[in-house]
Amino acid sequence: SSLTSVTIPNSVTHIGDFAFRECKGITSVSIGGNTKSIGSAAFLNCPYLTSVSIGNSVTEIGNEAFRGCKSLTSVIIPNSVISIGNYAYAGCSKLTSVSVGNSVTSIGGDAFYQCSSLKSLTIPNSVTSIGESAFYGCSRLTSVTIPNSVTAIGEYAFCDCDSLASITIPNSVTSIGIAAFSGCSNLTSVTIGNGVATIEDATF
């Protein structure tokens with residue numbers, strides 16, 4: 001509980017599950033250039049973690065990897081990352097800025113659940129699926145760009161994003177999950193692409 005900073009050397013290729021879980025004193029983490037994966041819940045509930053530097057070799061951010069890191073304000077996901085796990089940044093309530101690298105193909109379920117300070121987001125055109133509840137409760141999110149690479153938007157993906165004013169669903173999207181935009185009370189403009197075959201229950 002007295003650990004305040006972590007520097008992972010270049011020799012480390014994998015950070016295991018729960019490796020630094022609930023290390024409540026950690027404020028900064030630097031992950032070496034040869035680390036390929038960050039395990040599930042590796043930094044779960046490190047409430048004072050404000051700074052994370054990730055090397056360009058990481059391909060996978062595990063489930064719940066940074067869940068509950070309530071002091072984290074910005075995240076840069078490098079171009080090497082292919083997948084963002086379920087609940088990876090859930091509950092990071094001070095997170096205002098997210099940069100998603102251009103190799104990410106999937107954003108996991110609840111990945112940014114209740115990131116209530118997140119204001120804008122550009123999803124790169126490498127992403128094909130947005131998981132269920134991925135941005136549920138991002139109440140200050142005013143702008144989202146969904147690229148033409150996305151084919152599926154999961155259930156509750158943007159539920160209760162009540163600052164979202166407009167959304168454009170590209171032609172590539174064939175599936176929009178139940179309640180995907182439910183509770184978006186300030187939504188004034190919606191453009192639905194011609195690839196969507198069905199609008200599910202409670203979508204808007």
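Above this text you will find the structure in question.
Attention here is on the structure that accompanies the text.

Parameters and conventions
Residues numbered from 1 in each chain as written. Predicted model: local features only at pLDDT ≥ 70, side-chain atom pairs only at ≥ 80, totals over all residues. Heavy atoms only, no water. Pairing = 2+ DSSP bridges. Helix = DSSP H or I, 4+ residues; strand = E, 2+ residues; numbered from the N terminus. Axes fitted to C-alpha atoms, helices over the stretch in contact; angles between N-to-C directions. Phe/Tyr/Trp six-rings, centres within 6.5 Å; stacked < 30°, edge-to-face > 60°. Buried < 20%, exposed > 50% of the residue type's maximum accessible area, 1.4 Å probe, protein only.

Strand order in this open sheet of eight strands is β2-β4-β6-β8-β10-β12-β14-β16, and the pairing throughout is parallel. Every interior strand has two partners, whereas the edge strands, β2 (14–15) and β16 (175–176), have only one. Strand direction decides the pairing type here: strand β12 (residues 129–130) and strand β14 (residues 152–153), joined by two bridges, are parallel. Its bridge partner lying in β14, Ser129 is registered against Ala152.

Here we take up the sheet that holds strand β1 (residues 5–7). In spatial order, the strands read β1-β3-β5; together these three strands make up an open sheet with parallel pairing. Among the strands making up the open sheet, the edge pair consists of β1 and β5 (51–54). Across the sheet, the axes of successive neighbouring strands diverge by a mean angle of 0 degrees, strand direction being ignored. Bridge analysis of strand β3 (residues 28–31) against β5 gives four bridges, and the strand direction is parallel. Bridge assignment links Ile31 to a residue of β5, and that residue is Ile54.

Inspection of the entire model under this criterion finds ten aromatic pairs. With 6.3 Å between their ring centres and 35 degrees between their planes, Tyr136 and Tyr156 make a pair best called tilted. Remark: Tyr156 occurs in the loop between β14 and β15 (166–169) and Tyr136 occurs in the loop between β12 and β13 (143–145); sequence separation between them is 20 residues. Taking 5.5 Å as the distance between ring centres and 10 degrees as the angle between the ring planes, the aromatic pair formed by Phe181 and Phe204 counts as stacked. Taken together, the positions of Phe181 in the loop between β16 and β17 (189–192) and Phe204 in the segment after β17 put the pair 23 residues apart, joining distant regions of the chain. Judged by relative accessible area, which is 1%, Phe181 ranks as buried.

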